[in-house]
Amino acid sequence: MAGIVQAIFGGSKPSASPIPAGDSDFVDFAGAPEPAPASFSAASSPVSFMGSGAAPTGAAVPYTKWYNIHERHSLNEFKQEAVIIGLIAIIVTVHMLGTGANRRKAKAWISAHATVLQKEFALVGFGGRKAPTADEVESEGLAKATTLELPEVLLKEKAPNEFSTYATGRQNVAFVDINLTLYKRYSPITMLFEFVFSLFFESLEAPGEKMEAILYPFDGREALTVPGQVPGAHELRKDTKSSYDGFVWAIVNKETMKGLRESRYDVSITTTKDSAKLPAWATVMSESAEITDFLLTPELIKAVEDAGELLNHLIITDQPIDQPLTLEDTTPKKRVYLSIRTPSSGDYSSVLPIFQYFVRVADILVQSAHFRPEVLRKVRTTREDTIRKLQKAGEDEKAEERNLEREKAKKLKRDLELKALDAKGQKKYLEKEREKEMRRSQKKQTQKA
């Protein structure tokens, strides 16, 4: 009975072996068995990352293709990559070859023209002053050798197909800007598209290789252009007779004549007349026959004949290229333009005479371009007509602005008067306005009848 009660209420069973008396804070390990190393054969198979059927670590690994990439893959899997790399290689090669060809052509051009530029100007290019060599000092003397500035960089590459140079330091000429434009040999596809589009759109110019130069004369403004601290500036200011009469005159290739008239305002005010002295492909555009007789010298005729159809135009002007929109745009600014197609053969001897004439034309103009009052009166007539048109347009614009302001003032006054009235007063005010409008419309109909 006592055992049943003890089992129901959770009584503890008596220990099989009595606990020896002693300190209860320490465990007696005297009777514990000695530990033994676990046997690998008795242990369960180790967990493997290769799967349950993986071989033990010490077993031999079977040979598979996983360890040789050339057996797992073939070149057929890289066809797309091979095409892309091939296209990139072709593009890079064409770009490098085209850029190199343009640089060689530009170098040949500056080599042919550098002698002329360095003889005419004190500074050519974009580099700094270069010290004279011993041979130059011995042959020319130290003073003369140091007066010519020979820069380190004669030609600057603005783009793979555009090169430019600059020249200054000459009597009667402030400076000259020269731009050389070549084919886009580095991008044949772009060049092909430009050529095709030029066949369908007249506004697009066909690709070509040409040299364009702009000469800016002093025109008596040396004091505004040359700083006072520059050596020789004082002597230059003493002689300010570098001005000449303003006009527009040009020798133009007939192939480009129509495009020039449409794109340039200064040329559009001239009259075209063929000259028996010039080749059949060239014509003269001038404001006066006397100006043509003065400029069409045997030297210029010979230079035009030597250049042949490579010459696009030679323009002497004092008018803007774009149509004047304000009175400030009508201020005369004298310039000389030269455009020549570069010869494909690389022989520049035929175009050097016209280039030399272009550089020296400022001397001819300063010396002799002073015409009779009758000639200048005809030249000024065109400019005065343009000025009058702009003045009239300006006055009309101002009158329109004044009318708008007047209308705004009337509307503001009407709104204020309406706000000051009550409902009956506003109704009467609006009826009077309606009656006035009806009377005005009747008067207009009567006058028309």
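Up top is the structure.
Calculation criteria
- Residues numbered from 1 in each chain as written.
- Predicted model: local features only at pLDDT ≥ 70, side-chain atom pairs only at ≥ 80, totals over all residues.
- Heavy atoms only, no water.
- Helix = DSSP H or I, 4+ residues; strand = E, 2+ residues; numbered from the N terminus.
- Buried < 20%, exposed > 50% of the residue type's maximum accessible area, 1.4 Å probe, protein only.
- Contact = heavy atoms within 4.5 Å.
- Areas by Shrake-Rupley, 256 points an atom, 1.4 Å probe, with all protein chains shown as cover.
- Salt bridge = Lys/Arg side-chain N within 4 Å of Asp/Glu carboxyl O.
- Pairing = 2+ DSSP bridges.
- Phe/Tyr/Trp six-rings, centres within 6.5 Å; stacked < 30°, edge-to-face > 60°.
- Lys NZ or Arg CZ within 6 Å of the ring centre and 35° of its normal.
- Core = buried A, V, L, I, M, F, W, Y, C linked by side-chain atoms within 4.5 Å.
- Axes fitted to C-alpha atoms, helices over the stretch in contact; angles between N-to-C directions.
- Parallel < 35°, antiparallel > 145°, perpendicular 65-115°, else oblique.
- Left-handed = near helix turned anticlockwise from the far one by under 90°.
- Nonpolar A, V, L, I, M, F, W, Y, C, P; charged D, E, K, R; others polar.

Draft legend 1. Spotlight on the overall build of the chain. A tally of regular secondary structure across the chain gives 15 helices and 10 strands. With 449 residues in all, the chain has 29% of them scored as buried. For the chain, contacts bridging at least 24 residues in sequence account for 70% of all contacts bridging at least 6. Accessible area of the chain: about 31200 Å², with a carbon and sulfur share of 59%.

Draft legend 2. Main features of the pattern of salt bridges. One pass over the structure, following the stated rule, counts 22 salt bridges. Residue R360 is joined to E120 by a salt bridge in which the shortest nitrogen-to-oxygen separation is 2.8 Å. A residue pair is termed long-range when its members are at least 10 positions apart, and R360 in helix α13 (residues 352–368) and E120 in helix α3 (residues 79–120) qualify at 240 residues. The class for R360 is partly exposed, based on a relative accessible area of 35%. Between D318 and R383 there is a salt bridge whose closest N-O contact spans 2.8 Å. Of this pair, D318 sits in the loop between β9 (311–317) and β10 (335–341) while R383 sits in helix α14 (residues 373–420); the two residues are 65 residues apart in sequence, bridging distant segments of the chain. Judged on exposure class, the residue D318 and its partner R383 are both buried. Taken together, the shared-partner salt bridges connect E120, R170, R360 and D363 into one network.

Draft legend 3. Spotlight on the pairing of β10. For β10, a buried count of six out of seven residues is recorded, marking the element as mostly surrounded by other parts of the structure. Taken together, the six bridges between strand β5 (residues 210–217) and β10 define a ladder with antiparallel strand orientation. Bridge pairing in β10 links L215 to V336. Across six bridges, β9 lies against β10 in antiparallel orientation. Bridge assignment links L311 to a residue of β10, and that residue is I340.

Draft legend 4. A look at the packing of aromatic side chains. Taken as a whole and assessed by the stated rule, the structure comprises eight aromatic pairs. Centroid distance F193 to F197: 6.0 Å. Interplanar angle 40°. Geometry classified as tilted. Of this pair, F193 and F197 are both found in helix α6 (residues 188–200), four residues apart, which corresponds to roughly one turn of the helix. Aromatic side chains F197 and F201 sit 6.4 Å apart centroid to centroid with 70° between the ring planes, which places their arrangement in the edge-to-face category. The lysine or arginine in question, K156, covers the ring of F126, its NZ or CZ lying 4.4 Å from the ring centre. One Lys or Arg, K334, reaches over the ring of Y244 and ends 4.3 Å from the middle of that ring.

Draft legend 5. Quick peek at the nonpolar core. By size, the foremost hydrophobic cluster in this structure holds 57 residues, and its most contacted members are F247, W249, I354 and F358. Residue contributions to this core peak at 10 residues, all from α13. Setting aside anything within four residues of it in sequence, one finds W249 in contact with V284, M285, S286, I291, T292, L295, L296, L300, L314, I315 and I316. Of all hydrophobic cores here, the second largest spans seven residues; its members include A250, V252, L260 and M285.

Draft legend 6. Structural detail: unusual backbone geometry. Of note in the backbone geometry, N172 takes a positive phi value of approximately 75° without being a glycine. Under the relative-accessibility criterion, N172 is labelled buried at 11%. Positive phi outside glycine occurs at D219, with the angle close to 55°. Relative to the elements of secondary structure, D219 occurs in the loop between β5 and α7 (222–225). For D219, a relative accessible area of 18% corresponds to the buried category.

Draft legend 7. Local environment of the packing of α3 against α13. Two elements in contact, α3 and α13, have axes whose closest approach is 11 Å; the angle formed by their N-to-C orientations is 25°. When the axis of α3 is compared with that of α13, the two are roughly parallel. Judged by the sense of rotation from one axis to the other, the crossing of α3 with α13 is right-handed. Facing A112, H113, V116, L117 and E120 of α3, the residues of α13 in contact are L352, F355, Q356, V359 and R360. Considering only residue class, the contact of α3 with α13 consists of six nonpolar, two polar and two charged.

Draft legend 8. Expanded view of the packing of helix α12 (residues 298–307) against α13. Relative orientation of the contacting elements α12 and α13 amounts to 140°, with a least axis distance of 7 Å. Regarding the angle of α12 to α13, the classification is oblique. Our pair here, α12 against α13, has a crossing hand that is left-handed. Every residue of α13 that contacts α12 at E299, L300, A303, V304, D306 and A307 is listed here: P353, I354 and Y357. The class makeup of the residues in the contact of α12 with α13 is seven nonpolar, no polar and two charged.

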